[in-house]
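A closer look at the structure
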Amino acid sequence: MTWFLVLLVAIAAVLLVPPLRRALLTTPIFAIYKKLLPAMSQTEKEALEAGTVWWEGELFSGKPDWQKLLGYPHPELSTTEQSFLDHECEALCAMVSDWDTTQIHHDLSPKAWAYVKEKGFLGMIIPRRYGGLEFSAYAHSSVIQKLSTHCPVAAVSVMVPNSLGPAELLLHYGTDEQKNHYLPRLAKGLEIPAFALTNPHAGSDAASIPDIGIVCRGLWQDKEVIGMRVTWDKRYITLGPICTLLGLAFRLHDPDHLLGDVTDIGITCALVPSDHPGVNIGRRHFPLNAVFQNGPNSGTDVFMPLDWIIGGPARAGQGWRMLMECLAAGRSISLPSSNTGMSKLAVRATGAYARVRRQFKTAIGKFEGIEEPLARMGGYTYMMDAARTMTAGAIDLGEKPSVASAIVKYHVTERTRQVVNDAMDILGGKGICLGPNNFMGRAYQQVPIAITVEGANILTRSLIIFGQGAIRCHPYVLKEMEAAREPDAAKGLRDFDKALFRHLGFIWTRAFRAWSMGITGSHFGPVPADVAPETRRYYQQLTRFSAAFAFLADVSMFVMGGDLKRKEKLSARLGDILSLLYLCSATLKRYEAEGRQAEDAPLMHWAIWDAMFKMQNAFEGVMSNYPNRFIAAVLHWKIFPLGRPYVVPSDSLGHEVALKLIEPSATRDRLTAGMYLPRDEKDSVGVIELALEATLAAEPIDAKLRAAEKAGIVMRSEIHPVGADDTATQLLHAQEAGILSSEEVALVIRRNHLRDKAIAVDDFPPDFSVEATGMVAPLCTTA
Ligand SMILES: Cc1cc2nc3c(=O)[nH]c(=O)nc-3n(C[C@H](O)[C@H](O)[C@H](O)COP(=O)(O)OP(=O)(O)OC[C@H]3O[C@@H](n4cnc5c(N)ncnc54)[C@H](O)[C@@H]3O)c2cc1C
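What you are looking at is a predicted structure, and each value in this text was computed from that prediction instead of being measured. What you see as residue numbers is a count from 1 along each chain, following the sequence as written. Side-chain atom pairs in this predicted model are given and counted only at pLDDT of 80 or more, local residue features only at pLDDT of at least 70, and totals for whole chains, interfaces and linings cover all residues. The side-chain quantities take in all heavy atoms of the structure and omit both hydrogens and water.

1. Observations regarding the overall build of the protein chain
Using the following cut-off: Under the DSSP-based scheme used, a helix requires at least four consecutive residues in state H or I and a strand at least two consecutive residues in state E, with every element numbered from the N terminus. Just to be clear, the radius of gyration here is over C-alpha atoms, and the globule rule we use is 2.2 Å times residues to the power 0.38. The contact criterion used is simple: two residues touch if any of their non-hydrogen atoms lie within 4.5 Å. A 1.4 Å probe and the Shrake-Rupley method give the accessible areas. Residues count as covered only by the protein chains that appear here. Positive charges come from Lys and Arg alone, negative charges from Asp and Glu alone, with His and the N- and C-terminal ends not counted. In this description, the location of a charge corresponds to atom NZ of lysine, CZ of arginine, CG of aspartate or CD of glutamate.
Along its length, the protein chain carries 30 helices and nine strands. Its C-alpha atoms give the protein chain a radius of gyration of 30 Å, near enough to 28 Å, the size a compact globule of 783 residues would have. Across the protein chain, contacts joining residues at least 24 apart in sequence account for 75% of those joining residues at least 6 apart. When the accessible surface of the protein chain is summed, it comes to about 32500 Å², and 57% of that surface belongs to carbon and sulfur atoms. Once the 80 positive and 84 negative side-chain charges of the protein chain are each reduced to a mean point, those two points are 6 Å apart.

Laid out in structure tokens, this is it:
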């Protein structure tokens with residue numbers, strides 16, 4: 001007993017007296033930690049450190065402050081921004097069509113390009129003092145979204161100059177001279193920018209670009225100056241073939257030490273006029289029938305002055321840091337917005353089509369088999385739009401949320417892929433036969449582009465979301481890493497000791513929280529004040545998941561250390577948990593911000609149930625593949641002490657969601673808000689919208705007719721192939737028999753006309769001849 005007490009006192013002394021603890025415990029742990037800490041290149045370090053930590057940091061804390069989430073302002077458009085969407089953006093949409101851009105112009109039409117430039121679409125992120133529109137991130141996102149609901153080529157052509165590229169880099173790092181010269185020209189479209197990073201040998205691993213610049217002397221404007229001789233080979237560069245100003249990334253070397261002592265200066269970004277001698281540019285790629293301008297460019301030993309470096313010679317070698325620091329804003333906006341737009345189009349038009357299109361004498365949207373994908377489309381789109389809006393709001397608050405931007409990029413594009421696939425399945429042949437009547441086929445073709453660009457999705461999920469999240473968002477991991485790299489050894493040990501023991505306390509409390517909330521079904525978890533009663537349990541359940549995630553993440557880092565970086569499947573699933581927590585947060589915030597619309601509740605419930613079930617699976621996926629089975633069993637007991645409580649959204653909830661998509665309602669309008677929606681029979685979506693209204697208006701009339709048929713008052717009618725139109729005869733009989741009024745007959749005739757137009761698909765001459773179709777070779781050929 002005495003020995004036991006002595007032992008306890010000794011342990012307490014070691015733990016509670018910092019100098020003793022540091023000497024006996026922390027020093028050996030610190031030595032092992034330094035050995036195990038994976039080596040990190042400068043570019044990796046810059047990528048990890050870039051940007052800010054926002055709400056995702058709270059989710060990593062295991063104890064998210066929901067009041068803080070609900071307190072973030074919900075983004076809104078200013079009057080000017082709303083007017084731009086209602087007028088300029090509307091006018092641009094009316095000017096372009098997916099078919100014309102794809103098959104006739106193979107680009108935006110010259111008229112549309114002129115309009116885009118004149119109205120400042122290319123300068124949404126440029127301040128007004130330089131002639132730009134200076135839009136908020138939310139307005140910028142809303143413009144891209146709207147264009148995407150109608151013409152993806154227009155969206156991409158506008159998106160790229162407003163994303164990571166010359167304008168964004170100049171704004172943050174340009175010299176005054178560069179800004180004053182280029183920004184007004186970029187704002188007005190007098191310069192078309194492109195940004196070239198990708199090389200055939202460096203795609204995802206962009207920091208390894210072999211493109212090279214050698215510092216040397218050369219002739220520039222008849223004078224000998226110190227400049228750079230640059231050799232590059234780039235591909236996939238959007239707007240490259242038509243750009244006038246090429247942002248170029250290359251690695252700068254100074255073998256003769258003309259700039260200083262350093263030989264390998266590092267990645268450098270320069271602005272090169274595309275007509276500069278030696279620049280090979282203009283050829284095009286053909287990315288999955290998307291005809292936005294995209295192509296390769298190259299140059300060999302092209303001499304250029306140092307002044308062309310963005311930010312001037314002082315910024316030589318800082319290119320990678322600059323790119324990483326600016327990545328979050330564009331990645332938060334471009335693809336999340338364009339893909340949410342695509343999903344809105346799919347939801348609105350496919351939902352309507354599912355009501356208009358009848359098979360087996362029933363609207364196909366009423367079959368349970370179709371309800372299932374419809375519900376998924378609705379739930380996903382509600383959640384995606386919530387995430388898009390919340391993240392754009394974060395940018396407007398001055399954040400550069402690096403992890404959240406990766407989350408929205410990955411999850412919105414993956415969910416869009418699912419939504420578009422679902423739409424294609426529902427549309428059947430209507431989605432497959434390309435032509436002006438097909439509103440979904442091009443989106444289906446082009447979805448993989450969004451998956452590939454701005455960080456290919458597999459890489460983003462496997463390496464970035466949790467990898468960067470664990471280091472940036474965790475309250476102690478970065479502090480421990482910094483302590484290990486601290487040149488002052490004594491300070492390093494002190495810092496490490498402080499972070500480590502707080503970290504251990506953190507793990508213990510999160511383990512207890514996860515377990516206690518698991519055992520009590522999280523019924524006693526915190527709920528923010530004044531939230532909608534129907535969402536109270538979600539806050540509690542998400543707090544439970546957050547605590548369990550913080551615990552699991554920590555144990556994983558301790559157990560696997562640097563190996564976790566290579567265990568991409570586990571890292572990906574941990575990232576999924578963080579991401580789903582983020583998406584659920586955005587969904588709950590949206591529900592509150594939109595005034596807790598009771599009619600929208602099924603969408604919110606479906607999205608959250610689906611995400612919670614997926615989160616549970618992600619936990620299972622990590623634990624059941626844990627390298628150490630004993631630790632896996634302990635984790636399982638801590639995280640799911642009473643088994644797996646979450647199930648997929650119920651069929652009845654799915655039914656409620658599907659119903660919202662197949663008839664007009666305020667919910668449907670909110671779900672697809674911000675779309676381009678012409679009430680025009682000539683538009684492939686407009687006609688379905690009109691057909692839906694007519695279908696609903698005609699349904700009671702159809703019922704009267706069916707009753708009259710059964711009673712033998714009017715003849716039975718069937719839709720016949722061309723020529724035998726007994727529907728018209730039946731309507732005439734019904735009117736003569738006083739069963740239908742002339743207005744009702746007119747309504748049925750109009751419905752039939754719109755229905756036939758809505759289900760129509762295009763056909764072409766056998767040889768797809770240019771004369772007959774207006775299509776331009778070679779894209780019109782089938783071979
Ligand atoms: C239409 C289009 C437009 C583009 N626009 C531009 C532009 O304007 N400017 C520009 O500089 N670039 C641009 N890009 C390039 C784009 O950023 C790259 O295509 C992207 O980085 C992927 O590179 P890659 O295609 O070479 O694929 P790879 O790097 O070869 O990747 C192939 C696959 O491997 C996966 N992968 C790679 N590394 C890992 C890893 N460590 N773990 C798990 N999986 C991994 C990827 O996720 C991907 O699935 C564009 C590309 C396209 C297709």
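2. Comments concerning the pairing of strand S5 (residues 264-273)
Rules: A simple rule labels every residue: compare its accessible area, found with a 1.4 Å probe on the protein chains alone, to the largest value its type can have, and call it buried under 20%, exposed over 50%, or partly exposed in between. We call two strands paired when DSSP finds no fewer than two bridges between them.
With respect to burial, S5 is a largely interior element, nine of its ten residues being buried. Note: strand S4 (residues 245-253) against S5, nine bridges, orientation antiparallel. Counterpart to Leu246 in the pairing with S5 is Val272.

3. Looking at helix H20 (residues 489-519)
What counts, and what does not: By this rule the span expected of a helix is its residue count minus one, scaled by 1.5 Å. By the criterion applied in these results, polar contacts are pairs of N or O atoms within 3.5 Å in which, for protein atoms, one can donate a hydrogen and the other can accept it, and in which residues neighboring in sequence qualify only through two side-chain atoms.
With 31 residues, H20 should cover 45 Å at 1.5 Å per step; its first-to-last C-alpha distance of 44 Å lies within 8% of that length. Of the residues flanking the start of H20, the one acting as N-cap is Asp488, its side-chain oxygen 3.2 Å from the backbone nitrogen of Ala490. Backbone geometry just after H20 places Gly521 at a positive phi near 65°.

4. Side note on the nonpolar core
Selection rule: Among buried residues, those of type Ala, Val, Leu, Ile, Met, Phe, Trp, Tyr and Cys that are joined through side-chain atoms within 4.5 Å constitute a nonpolar core.
In terms of nonpolar packing, the biggest core is built from 129 residues, with Phe549, Leu552 and Phe619 touching the most fellow members. What Phe549 contacts, discounting residues up to four positions off in sequence, is Leu59, Phe60, Phe466, Leu574, Ile577, Leu578, Leu581 and Phe619. Counting residues in each nonpolar core, the second largest holds 58 residues, with Met228, Val230, Met304 and Tyr676 among its members.

5. Digging into the environment of Thr268
On the secondary structure map, Thr268 appears in strand S5. Thr268 sits in the buried class, given a relative accessible area of 0%. The spatial distance from the C-alpha of Thr268 to the C-alpha of Leu239 is 21 Å, given a sequence separation of 29 residues. Residues in contact with Thr268, not counting those within four places in the same chain, are Leu248, Ala249, Phe250, Leu252, Ile309, Ala316, Gly317 and Gly319. In terms of polar contacts, Thr268 uses its side chain to reach the backbone amide nitrogen of Gly317, at 2.9 Å.

6. Notes on the packing of aromatic side chains
Convention followed: Each pair of aromatic rings taken from Phe, Tyr and Trp, with Trp reduced to its six-membered ring, is defined by centres within 6.5 Å and is described as stacked if the planes are under 30 degrees apart, edge-to-face if over 60, and tilted in the remaining cases.
Tallied over the entire structure, the rule returns 22 aromatic pairs. Arranged with centres 6.0 Å apart and planes meeting at 45°, the rings of Trp515 and Trp637 form a pair that is tilted. A residue pair is termed long-range when its members are at least 10 positions apart, and Trp515 in helix H20 and Trp637 in helix H24 (residues 629-639) qualify at 122 residues. Given the relative accessible area of 47%, Trp637 is considered partly exposed.

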